[in-house]
Number of protein chains: 2
Amino acid sequence: METVKLGMLGLGTVGSGVLEMIENNENKIRNIIGRELSVKTVVVRHPEKHQNAATITKLTTEFEEVLNDEEIQIVVELIGGIHPAKEYIEQLLRAHKNVVTANKDLIASYGPELAALAYENHCDLMYEASVAGGIPILRTIVNSFAADNILEVKGIVNGTTNYILTQMNQKHWAYEEALKKAQELGFAEADPTNDVTGKDAAYKMIILSYFAFGAQLKIDDFKTEGIDTLNAYDVSQAESLGYVIKLVGSAKVINGGVFVDVAPTLVPEDHPLATINNEFNAVMVTGKAVGDTLFYGPGAGGLPTANSVLSDITSEVKNLIMGTSGHAFNTYQSEYVPADPDNVRYPYYLSLTMPDVSGQMLKFTRIMADIKASFSQIVQAPIKDEGIAHVAVITHELSQSQLAELKKQLQQADSIKLNAAYKVLEN
Amino acid sequence: METVKLGMLGLGTVGSGVLEMIENNENKIRNIIGRELSVKTVVVRHPEKHQNAATITKLTTEFEEVLNDEEIQIVVELIGGIHPAKEYIEQLLRAHKNVVTANKDLIASYGPELAALAYENHCDLMYEASVAGGIPILRTIVNSFAADNILEVKGIVNGTTNYILTQMNQKHWAYEEALKKAQELGFAEADPTNDVTGKDAAYKMIILSYFAFGAQLKIDDFKTEGIDTLNAYDVSQAESLGYVIKLVGSAKVINGGVFVDVAPTLVPEDHPLATINNEFNAVMVTGKAVGDTLFYGPGAGGLPTANSVLSDITSEVKNLIMGTSGHAFNTYQSEYVPADPDNVRYPYYLSLTMPDVSGQMLKFTRIMADIKASFSQIVQAPIKDEGIAHVAVITHELSQSQLAELKKQLQQADSIKLNAAYKVLEN
């Protein structure tokens, strides 16, 4: 049986997972693709740290040993970050090597550019593992929604923040406490900035929007709000109103435009996304024909992510066998038209503090009436600190323009402080 | 732009959905596959009943008009049932036409045989729509689990029974009442036998087992139990014990063998499958590397099923463009080895009635002790009719052999009646 030789850049948890899966599932892989897979060369910074792997594969510090090896047909990039991963991938594609990567930062920032380079060089660039670790969402959108009109794709696409939020929801911990625990257990990194500010989720929404709508967005095209300013008060207030706060990334077609955002969101407790806990991810795809579908699985982790890398590798091997490399992973292209803010309408949860004196609620309700907003639920919490009243409100639908005006007017009415304004999902 | 011409057999709700989607999503389809799709000829029994469709396509009663049309490269079979669908598909494959079908009865019964015929004739047979309507589960297993070792595939794969069970759970209706309502609303057919006896779900489990384990099962290889004997008493008893009764199809690797069954099952109320309601379906795939993943969507319906048919059509068009037709939809092949009944162990819910006189529970607990079974929960219901006590028990794990022995001994102890024995899922 022929052997397909692979090169790999980086050997962290995902890389080790790839080696482990190729070794453990040798027979099934042979059975399905009719080839053996062999990782010939792995480029690492410190070969001495990887003595176990060294028994089955060649370790080197020299990228050129992969780049210039004629036998290597597929290279797996797992070093992460933009530089030098981008330059490596460019060189590999120019050398007509097929590339598989799990690098969401790079793909979100330069995906279409790198895809074009792959196409010019008649080779493939695949990146299933870049979104939602173990959930095969990108290939599913490509293969199974080609003839449907996707109306919305939304979900929980960052495991670290979902772990932290699950602890905050279930144990009523403060954010700092939940973050610390997540770090101790390895669910959050020492520097969690990219996760907790929503940036990581935003990168994934860029890639999902590209597949779902063919639209090429940049990270500054939409609002990203993390969980680092989320308050335990709002978590429990949301709970008492029948909601769970989740970090939801959402991309939705609204009157011909696309509205994308990443933000803490109130999810009704019987909504499918409310039940996604801990480090798990879930992506809901709503098609005009198919309706609501949901894909759930581990969002990260060495082996789950390695499985997505291997789904790319086995797809690529099929392409090599059939001589069909050189077709873009996603071929759907469409101009990005942002949705008109007047048409983007959601109910909002507003968390306010105001002096506990008469006339304040009147002032607030006047502002709401002024922007033509109305209430769905309103709760003045019994807990007051030092003459400050906490008020939580769920509005009926507000357009983005109304919301902006509301924020402006509340800022001017300086006795009332808007601590949070979170979107509310409907069932 | 080139046009790919299709033929279609049958024009019910799914066929109409296919025509509607091709018409509505013309631009996106062109954008993604670089071809136009056109349904040239549809074979129907009564052309006069389909006047709307007639404006865009040719209707005929003659199968040969599709079979002998050189222009038609792909034929969609939507007449259902085994005969004459099987004979039609055989003739089409021999005429080197690629076939897409949603026919689960046929694929579950003759899938591998028809796949071999397709292979001999260098053409394709695809059937994504045969399992779980709008959920793209088969292609996902093929593409995204090729290098993982699937340990279990289980789920709610029949929308009719799930709709009935949801009503029984939520409204505490009896089975007959819920069935009648489902029939009125169109969620159950006038003759619901195939659905309510579990046969439809069993067909789907055969297909899922073939994809997940490469194993070719027949319907008599495993036990199928429907919901037609399910009691409202057991539904509410399960609820009070913290479970929801669902019709679960399950196929699991146990010590190198495969155990498959379809049966009413107690699902813990916080298990992902417990939240799947009404006509929705969900399939959980557990991979050794990837862990638990879940795919959720509409289980039936014209447009969702049409979307799965179109995912096959667009895949086939790619094959035609690249000249890669003639590779089986599922290439994983493995001998079916049934699991040893001594190794198949689950907790069971037992629903018993016995005369309300002393000594009966002693008799029952002696039998349990005799087969070395033990209890996890036991409830004697306060409601008694005419001197009959109802007892509900959840056991610790019982092997299939122990369960068979328990049933035998209870039958001999003729004062105690075992009304139901349902598997209990663990979280």
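Note that this is a predicted model, so its numbers are computed, not measured. (Residues numbered from 1 in each chain as written. Chains lettered and ligands numbered in written order. Predicted model: local features only at pLDDT ≥ 70, side-chain atom pairs only at ≥ 80, totals over all residues. Heavy atoms only, no water.)

### Structural notes on the interface of chain B and chain A
The interface of chain B with chain A comprises 44 residues on the first partner and 44 residues on the second. Interface area lost by chain B to chain A is led by Lys28(B), Ala147(B) and Tyr296(B), which between them contribute 15%. Counting across the interface, chain B meets chain A through 0 salt bridges. For the pair chain B and chain A, the interface holds 14 residue pairs in polar contact (both at pLDDT 80 or more). Of all the elements, helix 13 (residues 302-322) of chain B adds the most residues to the side of chain B that touches chain A, at 8 residues. The residue makeup of the side of chain B that touches chain A, split by class, is 22 nonpolar, 17 polar and 5 charged. Judged from the 3 bridges that link them, strand 12 (residues 291-298) of chain A and strand 12 (residues 291-298) of chain B form a sheet pairing that is antiparallel. (Contact = heavy atoms within 4.5 Å. Buried area = accessible area lost by both parts, 1.4 Å probe. Salt bridge = Lys/Arg side-chain N within 4 Å of Asp/Glu carboxyl O. Polar contact = N/O pair within 3.5 Å; in protein donor to acceptor, adjacent residues only side chain to side chain. Helix = DSSP H or I, 4+ residues; strand = E, 2+ residues; numbered from the N terminus. Nonpolar A, V, L, I, M, F, W, Y, C, P; charged D, E, K, R; others polar. Pairing = 2+ DSSP bridges.)

### Points about the packing of helix 7 (residues 137-144) of chain A against helix 11 (residues 199-213) of chain A
Residue and element names in this part refer to chain A. At a minimum axis distance of 9 Å, the contact between helix 7 and helix 11 shows a crossing angle of 10°. Considered as vectors, helix 7 and helix 11 are oriented roughly parallel to each other. Contact with helix 7, carried on its side by Ile137, Leu138, Ile141 and Val142, involves Ile207, Leu208, Phe211 and Ala212 of helix 11 and no other residues of that element. Classifying every residue of the contact of helix 7 with helix 11 gives 8 nonpolar, no polar and no charged. (Axes fitted to C-alpha atoms, helices over the stretch in contact; angles between N-to-C directions. Parallel < 35°, antiparallel > 145°, perpendicular 65-115°, else oblique.)

### Remarks on the packing of aromatic side chains
In this description, a pair of aromatic rings is defined by centroid distance and the angle of the planes. All names here are of chain A. Per the counting criterion, the structure on display carries 21 aromatic pairs over all chains. With 5.8 Å between their ring centres and 90° between their planes, Tyr127 and Phe211 make a pair best called edge-to-face. Of this pair, Tyr127 sits in the loop between strand 6 (125-126) and helix 7 while Phe211 sits in helix 11, placing them 84 residues apart in sequence. Phe211 shares its class with Tyr127; the two are buried. For the pair Tyr349 and Tyr422, a centre-to-centre distance of 6.4 Å together with 5° between the ring planes defines the contact as stacked. Placement of Tyr349 in strand 14 (residues 348-355) and of Tyr422 in strand 18 (residues 417-424) is noted, with a sequence separation of 73 residues between them. When sorted by exposure, Tyr349 lands in the same class as Tyr422, which is buried. Through a chain of ring-to-ring contacts, the aromatic side chains of Tyr127, Tyr210, Phe211 and Phe329 assemble into a single cluster. (Phe/Tyr/Trp six-rings, centres within 6.5 Å; stacked < 30°, edge-to-face > 60°. Buried < 20%, exposed > 50% of the residue type's maximum accessible area, 1.4 Å probe, protein only.)

### What about the UniProt feature "binding site: NADPH" (unreviewed entry) in chain A?
Residue and element names in this part refer to chain A. Under the present numbering, the feature "binding site: NADPH" (unreviewed entry) in UniProt falls on Lys104. Structurally, Lys104 is set in helix 6 (residues 104-120). On the basis of relative accessibility, which here comes to 19%, the residue Lys104 falls in the buried class. Those residues in contact with Lys104 that sit more than four places away from it in its chain are Ser130, Asp200, Tyr203, Lys204 and Ile207. (UniProt positions renumbered as here; feature names shortened; annotations may be inferred.)

### Some points on the sheet that holds strand 5 (residues 98-101) of chain A
Paired through backbone hydrogen bonds, the strands of a sheet run either parallel or antiparallel to each other. All names here are of chain A. With respect to topology, 6 strands assemble into an open sheet ordered 3-2-1-4-5-6, the strand pairing being parallel. The open sheet is flanked by strand 3 (58-60) and strand 6, the only strands paired with a single partner. Taken strand by strand, helix 5 (residues 85-94) contacts strand 1 (3-9), strand 4 (72-77), strand 5 and strand 6, and its axis lies near 155° from that of strand 5.

### Structural notes on the relation of the copies chain B and chain A
The two copies are related by a screw operation: chain B maps onto chain A through 180° of rotation and 0.0 Å of translation along the axis, at an RMSD of 0.0 Å. With respect to symmetry, the two chain copies, as superposed, fit the operation of a two-fold axis. Considering only C-alpha atoms, the residue of chain B closest to the rotation axis is Phe295(B), which sits at 2.4 Å. Taken together, the interface assignments show that 100% of the residues at the interface of chain B recur at the interface of chain A, consistent with an identical surface on both copies. (Least-squares fit on C-alpha atoms with pLDDT ≥ 70 in both.)

### Observations concerning the nonpolar core
Formed by 202 residues in total, the largest nonpolar core has its most connected members in Ile137(A), Leu208(A), Val309(A), Ile313(A), Ile137(B) and Leu208(B). Dropping the residues within four chain positions of it, Val309(A) is found in contact with Val14(A), Val18(A), Val76(A), Leu78(A), Val100(A), Ala102(A) and Ala129(A). One finds Ala146(A), Val14(B), Val18(B) and Ile313(B) within the second-largest nonpolar core, a separate group that totals 32 residues. (Core = buried A, V, L, I, M, F, W, Y, C linked by side-chain atoms within 4.5 Å.)

### Quick word on the domain arrangement of chain A
Interfaces are often sized by the accessible area lost when the parts come together. All names here are of chain A. We note that the domain assignment places domain 1 (3-133 + 302-322), domain 2 (137-298) and domain 3 (345-424) within chain A. One C-alpha centre belongs to domain 1, the other to domain 2, and the line joining them spans 28 Å. Contact residues are listed per partner, giving 17 residues for domain 1 and 18 residues for domain 2. The contact between domain 1 and domain 2 buries some 1,500 Å² in all, and 62% of this surface belongs to carbon and sulfur atoms. (Domains from an automatic or database assignment.)

### Section: the pattern of salt bridges
Residues and elements named next belong to chain B. The full count for this structure, using the stated rule, is 34 salt bridges over all chains. Residue Glu184 pairs with Lys180 through a salt bridge whose shortest N-O separation is 3.9 Å. Of this pair, Glu184 and Lys180 both sit in helix 9 (residues 175-184), 4 residues apart, which is roughly one turn of the helix. For the pair formed by Glu184 and Lys180, the shared burial category is exposed.

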